[in-house]
Amino acid sequence: MSSPARGRLLGLTLVGLQGLLFLAVGLTALLPGPGVDGSLWLGSTLVLLGLLGMFWSGKDLGRALTPMPTPNGAGLAAGGIYGYVRHPMYAAIVVVALGLAVGSGKLWTLVLCVVLAAFFDAKTRVEERFLVSTYPGYAEYAARTGKFLPGLGKRRAS
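Residues numbered from 1 in each chain as written. Predicted model: local features only at pLDDT ≥ 70, side-chain atom pairs only at ≥ 80, totals over all residues. Heavy atoms only, no water.

A. The arrangement of helix α2 (residues 40-61) in detail. When the terminal C-alpha atoms of α2 are compared, their 31 Å separation across 22 residues agrees well with the 32 Å that a helix rising 1.5 Å per residue should span. Those residues of α2 that are buried lie in contact with α3 (88-104). Gly62 sits one or two residues past α2 and shows a positive phi near 60 degrees. (Helix = DSSP H or I, 4+ residues; strand = E, 2+ residues; numbered from the N terminus. Expected span 1.5 Å × (residues − 1). Contact = heavy atoms within 4.5 Å.)

B. Main features of the environment of Asn72. Turning to its location among the elements, Asn72 is positioned in the loop between α2 and α3. A polar contact is formed between the side chain of Asn72 and the backbone oxygen of Arg63, at a distance of 2.9 Å. (Polar contact = N/O pair within 3.5 Å; in protein donor to acceptor, adjacent residues only side chain to side chain.)

C. Highlighting the packing of aromatic side chains. Inspection of the entire model under this criterion finds three aromatic pairs. Aromatic pair Tyr90 and Phe120: ring centres 4.5 Å apart, planes at 10 degrees, arrangement stacked. Here the residue Tyr90 occupies a position in helix α3, and Phe120 occupies one in helix α4 (residues 107-134), the gap between them amounting to 30 residues. Accessibility classification places Tyr90 together with Phe120 in one group, the buried group. (Phe/Tyr/Trp six-rings, centres within 6.5 Å; stacked < 30°, edge-to-face > 60°. Buried < 20%, exposed > 50% of the residue type's maximum accessible area, 1.4 Å probe, protein only.)

D. A look at α3. In this model, α3 (17 residues) spans 24 Å end to end at C-alpha, consistent with the 24 Å of a helix rising 1.5 Å per residue. Among the residues of α3, those classed as buried are Pro88, Met89, Tyr90, Ala91, Ala92, Ile93, Val94, Val96, Ala97, Gly99 and Ala101. With its phi angle positive at about 70 degrees, Gly105 sits one or two positions after the end of α3.

E. Layout of the layout of surface pockets. Considering only enclosed or pocket space, the largest pocket measures out at about 450 Å³ in volume. Along its surface, the largest pocket is lined by 28 residues, and Leu61, Ala64, Thr66, Tyr82 and Glu127 are the ones closest to its centre. Put simply, the parts of the chain that give the lining of the largest pocket at least two residues each are α3, α4 and α5 (138-144). Looking at the lining of the largest pocket, the element that brings in the most residues is α3, giving four residues. Its residues assigned to classes, the lining of the largest pocket shows 18 nonpolar, seven polar and three charged. Space inside the second largest pocket adds up to approximately 220 Å³. Lining the second largest pocket are 15 residues; nearest its centre among them are Gly53, Ile81, Pro88, Ala91 and Ala92. (1 Å grid on protein atoms, 1.4 Å probe; cavity = no way out; pocket = protein on both sides within 12 Å on 5 of 7 lines; lining within 4 Å. Points joined across faces, edges and corners; volume = space filled by probe spheres on them. Nonpolar A, V, L, I, M, F, W, Y, C, P; charged D, E, K, R; others polar.)

These results come straight from atomic positions and should not be treated as a statement about function.
See below:
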């Protein structure tokens, strides 16, 4: 299998896993299971903040928006929210998942939220290899910009 085909297969696999994880988060929030006291107010607030972050990230990403870990050739987004955080879309999705966990009070939803966050950490490692090789200034951008939160998780300069 050629390298581009292998990259596409890897990308499709990661996108599929991402979708399954988020679906599992949503289903466990709705299904009966072990839980703790949830807070519908706090959960709803987190979901709304996460959705706002997703829309803001999508707006600032523009034509470069793709679920695949490989760049689509539309250019590097380093302005707007991307001037503060390299992966705000993933952070926002985790906030939505956390909101579902807090709102439902379901233990499995919270566990899957943690798994989703770990998955995005792993996906960004793959994604950033492609970004470094595609965009000459990406390593410097990543060295000064937080990964999921401003100032935290800056990439070491190569």
